[in-house]
Amino acid sequence: MKTYFIHIFSLLFFIAGFGQEKKKIRYMVPDQQVLSEKVYKSLDQRKIFTKTVENDSTIVTEIYPRKNTAQLDSTQHQQLKMFLSKIIGEDYDPEKNTMLHLYSEKTEKINKDIEDKRYWRYIKKNKRKFQSFLISTKNSGIQANPKKHLYHDPYNLLQNLFFKDSEFKMNHLCIKPNGEVHIFYGLESNLHALDWSV
């Protein structure tokens, strides 16, 4: 009887092993174009982020760029400038390139960014062209401190307009005086976002 169970167990194990098919792995960009694994591995991982979706037969890695560019029309640009003037006040100059770093969660990272001498030294050195502000979102629990370039978006407007689908706790915007907007998803370094926006 014992041998009978061993044979049955071995048979089930054998069937289960062959019954499982290896899942297909696919790499896709947003327009549903499929990339080969070689092309995927050749991408600069600093410039993309991925989301993986898995079902019974396939593992799909969706590839998204960390940086997107958009052009605001004159009405959108004017409304955005008015909003920034409202939450930032007289420190905001719409004629400069404006870096906005959005924080949706209170972490030690924001304190490091407030004290980042290298970053703020660059902004001060290039103050004719650049201005920069740290912006906390509505439910972040971060209090505004204008002396430290830290402001609060009580309406979550920036988050809703530019980062509604972002899963990152930190995102960035560079708004140019001509209405061009550079949108950065999830970069951990403000300096990296600034370098990438120039």
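See the structure shown above.
Model, not experiment: these values are computed from the prediction.

Engineer: Which residues make up the environment of F49, and what values go with them?
Structural biologist: In this structure, F49 sits in strand β3 (residues 48–54). In the structure, F49 is positioned 12 residues away from T61 in sequence and 9.8 Å away in space, judged by C-alpha atoms. Those residues in contact with F49, other than ones at most four positions away along the chain, are E62, I63, Y64, P65, R66, F168 and Y185.

Engineer: Describe the environment of I59, listing the residues and the values that go with them.
Structural biologist: Looking at where I59 falls in the secondary structure, it is placed in strand β4 (residues 58–65). Sequence separation between I59 and R26 is 33 residues, and the spatial gap between their C-alpha atoms is 6.2 Å. Ignoring anything within four residues of it in the chain, the contact list for I59 reads K23, K24, I25, R26, T52, V53 and E54.

Engineer: Could you give an account of the nonpolar core, naming the residues involved and the relevant values?
Structural biologist: Membership of the largest hydrophobic core comes to 21 residues, with the highest contact counts inside it found for L84, I88, L100, I135, L158, F162 and L173. Of all the secondary-structure elements, those providing two or more residues to this core are α3 (74–88), β6 (97–103), β7 (130–136), α6 (157–162), β9 (170–175) and β10 (180–185). If you tally residues by element for this core, the top one is α3, at five residues. Those residues within four positions of I135 in sequence are excluded, and the remaining contacts are I87, I88, L100, H101, L102, Y103, Y151, D153 and L158.

Engineer: Can you lay out α3 for me, pointing to particular residues and giving the numbers?
Structural biologist: When the terminal C-alpha atoms of α3 are compared, their 21 Å separation across 15 residues agrees well with the 21 Å that a helix rising 1.5 Å per residue should span. Among all positions of α3, only H77, L80, K81, F83, L84, I87 and I88 are buried. The arc that holds the buried residues of α3, viewed along the axis, is 165 degrees, so those residues lie on one side. Exposed side of α3, more than 90 degrees from the buried face: S74, Q79, M82 and K86 are the residues found there. Lining the buried residues of α3 we find β6, β7, β8 (150–152), α6 and β9. Capping the start of α3, D73 holds a side-chain oxygen 3.1 Å from the backbone nitrogen of T75, two or three residues further along. Downstream of α3 by a residue or two, G89 has a phi angle that is positive, lying close to 90 degrees.

Engineer: Now, about helix α7 (residues 190–197): what can you tell me, with residues and values included?
Structural biologist: Counting buried positions along α7 gives six out of eight residues, so the element sits mostly inside the fold. If you check which residues of α7 are buried, you get N190, L191, A193, L194, W196 and S197. One side-chain oxygen at the N-terminal end of α7 lies 3.3 Å from the backbone nitrogen of L191; it belongs to S189.

Engineer: So, unusual backbone geometry: which residues are in play, and what are the values?
Structural biologist: With a phi close to 65 degrees, H149 is a non-glycine residue in the positive phi region. You can see H149 is positioned in the loop between β7 and β8. If you check the backbone angles, N156 has positive phi at about 60 degrees while not being a glycine. Mapped onto the elements, N156 comes out in the loop between β8 and α6.

Engineer: Give a detailed account of the sheet that holds β6, specifying residues and quantitative values.
Structural biologist: Here six strands make up an open sheet; going across it, the order is β5-β10-β9-β6-β7-β8 and the pairing mixed. Strands with a single pairing partner mark the edges of an open sheet, and in this sheet they are β5 (67–71) and β8. Neighbouring strand axes in the sheet, compared pairwise and without regard to direction, differ in orientation by 25 degrees on average. Examined bridge by bridge, β5 and β10 share five bridges and lie antiparallel to one another. Bridge pairing links A70 to V181 in β10.

Conventions and cut-offs
Residues numbered from 1 in each chain as written. Predicted model: local features only at pLDDT ≥ 70, side-chain atom pairs only at ≥ 80, totals over all residues. Heavy atoms only, no water. Helix = DSSP H or I, 4+ residues; strand = E, 2+ residues; numbered from the N terminus. Contact = heavy atoms within 4.5 Å. Core = buried A, V, L, I, M, F, W, Y, C linked by side-chain atoms within 4.5 Å. Buried < 20%, exposed > 50% of the residue type's maximum accessible area, 1.4 Å probe, protein only. Expected span 1.5 Å × (residues − 1). Arc of directions from axis to C-beta. Polar contact = N/O pair within 3.5 Å; in protein donor to acceptor, adjacent residues only side chain to side chain. Pairing = 2+ DSSP bridges. Axes fitted to C-alpha atoms, helices over the stretch in contact; angles between N-to-C directions.

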